[in-house]
Amino acid sequence: MTRDTYTKVLWWLLPFAVLVVSTLIQTTGGVYFHMFTHDMFIPLEGVLHLHNGHLPHRDFVTPIGALYYFVHYLPSLIVPISAKTLIYANLLVATVVALATLVFGRQRLPLWLASLVALYLGIIASSPRQIGEPFTLISNNASYNRFGWALIGLLALVAACPRLVPTRRSSLIDGAVVGSLLTGLFLIKLTYAGAALGIVLLTMVTTRKFSDWRYPLMLFGLFASVALAIELSTGLIHLYLSDVQMTASVTTNLLRPDFAVRLLFYCATGAVAVLMVGLINEWDQRRFHVWVPRTLLSLAIVMAGVVIGIQNHPELENPLLAVAVLIAGYPSLRFLNSRAAQDAPATKTTFDNGAANGIAKLLAGRACIIGFVAMAAGPVAQDVAAIAWVAVAPRASGSEVAWLAETPLSDLTLFATEPTKRGTAVPGTSVRDDVDLIGVIGDGVALIRPHVRGRDDAVVLPLTFSNPYPVLLGLLPVRHELAWWHADRTFSRSIKPNADLLLSGVDFVMLPKRYTNYSNVAAFRDAYAPEIARDFRVADENATWLLFARNRCQMRLRC
């Protein structure tokens with residue numbers, strides 16, 4: 001093996017080696033949470049739904065697409081459901097994204113740069129850090145957002161950067177790749193699919209200039225075929241859109257103007273970098289008459305990230321900034337790719353062998369690479385630090401978490417509360433932190449366990465943000481429930497799942513006396529108070545929970 005071949009192999013292996021090491025760190029010693037621990041039960045209960053023959057949108061209401069739950073379902077076919085399921089799902093998506101970025105980025109960029117981009121997108125997909133937060137705030141929550149950022153970054157790169165020498169075959173391949181990514185985004189979260197569709201349409205009228213009809217035909221043909229096949233076989237597409245419409249009709253303050261202004265200011269530096277890289281690349285783009293369109297397209301990609309950020313949990317981070325810099329500088333980057341340069345016809349139109357242009361190309365390419373590194377360095381440094389922090393972060397111990405050892409989530413660990421705060425009484429309905437929350441959930445396990453008597457067919461509905469009990473006790477998940485109950489975000493008193501449909505299959509209802517964001521619990525309780533009072537009675541109680549059992553037990557033969 002020559003030194004050049006050895007170097008190439010190392011660049012190919014780099015992203016996957018980092019992802020594997022990251023996964024080992026995150027799973028050795030337990031899966032670590034600092035915040036939003038209750039979010040983990042959303043995908044895990046979704047996996048249980050799938051194991052019991054339930055489908056998203058048909059058997060439970062969720063604004064997140066079915067592919068998100070199937071991604072978490074796949075690891076559970078190999079290893080039992082546990083907290084590690086979340087990490088394995090992240091690794092699966094990150095590996096697919098990194099591999100696709102290497103394969104298709106290599107056709108556009110130097111191998112070493114394609115490897116770095118693959119590593120960047122892979123880390124985006126798999127980091128445990130709460131996006132937009134410091135490295136110590138580990139949440140592992142809402143990973144559909146990280147999946148979406150990684151996939152739309154790859155889509156933008158492939159769609160906006162045509163190959164140097166396109167052929168009929170390459171147009172079909174590019175169309176298939178972009179179509180697959182668009183379909184994946186659609187089946188994960190509609191917000192990203194809408195932004196991705198806008199990017200695709202803009203690339204067609206700017207950098208691609210409708211140059212080959214095979215590309216859009218393959219792209220939209222693939223997307224339409226998959227969507228039609230799913231709809232005809234399961235009916236899930238129209239149910240998915242109905243779930244999204246329901247969530248949108250509930251959600252208040254969709255535009256978040258105050259946060260939008262803050263996010264725009266956060267992205268201003270990146271937008272300036274994109275503009276400067278576009279200007280530096282003007283020598284090449286002017287010759288191909290695409291300078292203004294490519295630069296504007298890159299700025300539009302930055303704005304797509306802003307729009308997505310406004311719709312997501314409000315965090316000041318835009319992973320598309322680094323990708324937009326690469327797209328703005330692609331005319332110079334592609335000439336750094338020796339493979340593409342060798343394939344290109346050596347005509348005066350493609351190459352000008354003058355020394356001045358050669359220096360200009362080199363400087364433009366270097367400026368683009370520096371811009372990419374500058375935009376990616378901050379988030380990547382935070383993500384790498386977060387992975388390292390997982391290995392050394394202090395873990396909580398004591399009765400509040402000890403009970404987890406007897407459940408499928410024995411691998412769940414939480415941030416150790418400061419000694420001065422441990423055992424501190426919390427007034428009213430609040431909980432101190434996530435450790436305290438897990439203690440409350442454990443009290444619920446202790447309360448309900450004698451009533452289910454070891455049966456795995458009992459159905460328990462807690463009036464909480466998410467439902468931990470099917471996973472913790474091996475029970476059936478609740479049909480016709482919401483994937484998560486967030487007042488004025490996924491439900492309201494007037495817009496909610498039908499009470500009779502939801503409660504008809506429930507054996508027990510649990511009402512916490514303390515919980516995270518208790519106003520959300522109160523809203524859930526009030527939304528179904530008449531039906532619960534009519535069909536259920538108080539059966540048991542402890543310091544933190546009320547347990548309601550169905551009045552007419554013979555209807556269910558379990559309560």
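This report concerns the structure included in the present document. All of these numbers come straight from a predicted model, not from anything done at the bench.

## Observations concerning the packing of aromatic side chains
Counted by the stated rule, this structure contains 18 aromatic pairs. Relative to Y69, the ring of Y68 has its centre 5.3 Å away and its plane inclined at 75°; by these criteria the two rings are edge-to-face. Take Y68 and Y69: they sit in the same class, and that class is buried. Relative to F147, the ring of Y68 lies with its centre 6.1 Å away and its plane at 55°, an arrangement referred to as tilted. Residue Y68 is located in helix α3 (residues 66-76), and its partner F147 is located in helix α6 (residues 143-160); the two are separated by 79 residues in the primary sequence. There is no split in this pair, since Y68 and F147 are both buried. Following the ring pairs from residue to residue traces out a cluster consisting of F60, Y68, Y69, Y144, F147 and W484. It is R208 that lies over the ring of Y215; its NZ or CZ is 4.0 Å from the centre.

## Details of the environment of V103
Mapped onto the elements, V103 comes out in helix α4 (residues 84-105). Between the C-alpha atoms of V103 and A118, which are 15 residues apart in sequence, the distance is 9.5 Å.

## A few points about the environment of H451
Inspection of the secondary structure assignment puts H451 in helix α19 (residues 434-452). Given a relative accessible area of 18%, H451 falls into the buried group. C-alpha of H451 to C-alpha of F508: the two residues are 57 residues apart in sequence and 9.2 Å apart in space. A polar contact is formed between the side chain of H451 and the side chain of D540, at a distance of 2.7 Å.

## Observations concerning the side chain of N520
Along the polypeptide, N520 turns up in helix α22 (residues 518-527). In this structure the side chain of N520 is engaged in a polar contact, spanning 2.6 Å, whose partner is the backbone oxygen of W485. Separated by 2.6 Å, the side chain of N520 and the backbone nitrogen of A487 make a polar contact. In this structure, N520 is in contact with F465, W485, H486, A487 and F491, ignoring residues within four places of it in sequence.

## Brief notes about the sheet that holds strand β4 (residues 508-512)
Ordered by their spatial adjacency, four strands build an open sheet running β3-β4-β6-β5, and the pairing between neighbours is mixed. Since the sheet does not close on itself, it has two edges, and those belong to β3 (460-462) and β5 (536-541), each with one partner. Strand-to-strand twist of the sheet, defined as the mean angle between neighbouring strand axes without regard to direction, takes the value 25°. Sheet analysis places β5 next to strand β6 (residues 545-550), joined by five bridges and oriented antiparallel. Note that in β6 the partner of V538 across the bridge is F548. Set on the sheet, α19 makes contact with β3, β4, β5 and β6; between it and β6 the angle comes to about 30°.

## Digging into the nonpolar core
One finds M40, Y69, I152, L155, L409, L412 and I441 to be the most contacted residues of the largest nonpolar core, which totals 162 residues. No other element matches the 13 residues that α6 contributes to this core. Filtering out sequence-adjacent residues up to four positions away, M40 remains in contact with F33, A83, L86, L409 and L412. With five residues, the next largest nonpolar core counts I138, A386, V390 and A393 among its residues.

## Structural notes on the packing of helix α9 (residues 214-234) against helix α10 (residues 236-250)
The contact between α9 and α10 brings their axes to 6 Å, and the two run at 95°. By the angle between their directions, the pair α9 and α10 is classed as roughly perpendicular. Judged by residue contacts, A227, I230, E231 and T234 of α9 engage L236, I237 and H238 from α10. The residue inventory of the contact of α9 with α10, partitioned by class, reads four nonpolar, two polar and one charged.

## Focus on a nonpolar patch on the surface
A cluster of nonpolar residues, M1, Y6, V9, L10, W12, L13, L99 and V103, forms a patch on the protein surface that exposes about 760 Å² of accessible area. Of all the elements, helix α1 (residues 3-27) adds the most residues to the nonpolar patch, at five residues. Structurally, the position occupied by L99 is in helix α4. Its relative accessible area of 42% is what places L99 among the partly exposed residues.

## A look at the pattern of salt bridges
Inspection of every chain in the model, using the stated rule, returns 18 salt bridges. D411 is paired through a salt bridge with K84; the nearest N and O atoms lie 3.5 Å apart. Of the two residues, D411 is situated in the loop between α18 (399-402) and β2 (412-414) and K84 in helix α4; the sequence distance between them amounts to 327 residues. For D411, a relative accessible area of 7% gives the class buried. Its relative accessible area of 22% is what places K84 among the partly exposed residues. The shortest N-O distance in the salt bridge between R108 and D174 comes to 2.8 Å. A residue pair is termed long-range when its members are at least 10 positions apart, and R108 in the loop between α4 and α5 (111-126) and D174 in helix α7 (residues 168-186) qualify at 66 residues. For R108, a relative accessible area of 1% translates into the label buried. Owing to a relative accessible area of 2%, D174 belongs among the buried residues under this scheme. Residues joined by salt bridges that share partners form a network here, namely R108, R163, D174 and R208.

Quick notes on the rules
Along each chain, residue indices are assigned from 1 in the same order as the chain's sequence is written. Per-residue local features of the predicted model are confined to residues with pLDDT of at least 70, and side-chain atom pairs are confined, for both listing and counting, to 80 or more; whole-chain, interface and lining totals are unaffected and use all residues. Excluding hydrogens and water, the side-chain figures rest on all heavy atoms present in the structure. Classification of ring pairs uses Phe, Tyr and Trp, with its six-membered ring standing for Trp, and accepts pairs whose centres are within 6.5 Å; under 30 degrees between planes counts as stacked, over 60 as edge-to-face, and the remaining range as tilted. Relative accessibility under 20% of the residue-type maximum defines a buried residue, over 50% an exposed one, and the middle range a partly exposed one, all with a 1.4 Å probe and only protein chains included. In this text, helices come from DSSP runs of H or I with a minimum length of four residues, and strands from runs of E with a minimum of two, each type numbered from the N-terminal end. Charges are assigned to positions over rings by a cutoff of 6 Å between ring centre and Lys NZ or Arg CZ, combined with an angular limit of 35 degrees from the ring normal. Under this definition, polar contacts are N or O atom pairs within 3.5 Å; protein pairs additionally need one hydrogen-donor-capable and one acceptor-capable atom, and for neighbouring residues in sequence, both atoms have to be side-chain atoms. Throughout, a contact is declared for two residues whenever any of their heavy atoms are within 4.5 Å. Only strands that DSSP links by at least two bridges are regarded as paired with each other. Between the N-to-C directions of two axes lies an angle of 0 to 180 degrees, each axis being a line fitted to C-alpha atoms and, for a helix, fitted only over the stretch in contact. Put simply, buried Ala, Val, Leu, Ile, Met, Phe, Trp, Tyr and Cys residues joined by side-chain atoms within 4.5 Å make one nonpolar core. Oblique is the label for any angle not covered by the other classes, which are roughly parallel (under 35 degrees), roughly antiparallel (over 145) and roughly perpendicular (65 to 115). Polar here means any residue other than Ala, Val, Leu, Ile, Met, Phe, Trp, Tyr, Cys and Pro, which are nonpolar, and Asp, Glu, Lys and Arg, which are charged; Gly is therefore polar. Residues qualify for a patch when their relative accessible area is over 30% and they have no salt bridge, like charges being joined within 9 Å and the nonpolar side chains of Val, Leu, Ile, Met, Phe, Trp and Tyr within 5 Å. Note that accessible areas follow from Shrake-Rupley with a 1.4 Å probe, and for residues the cover is restricted to the protein chains shown. By convention in these notes, a salt bridge is any Lys or Arg side-chain nitrogen within 4 Å of a carboxyl oxygen on Asp or Glu.

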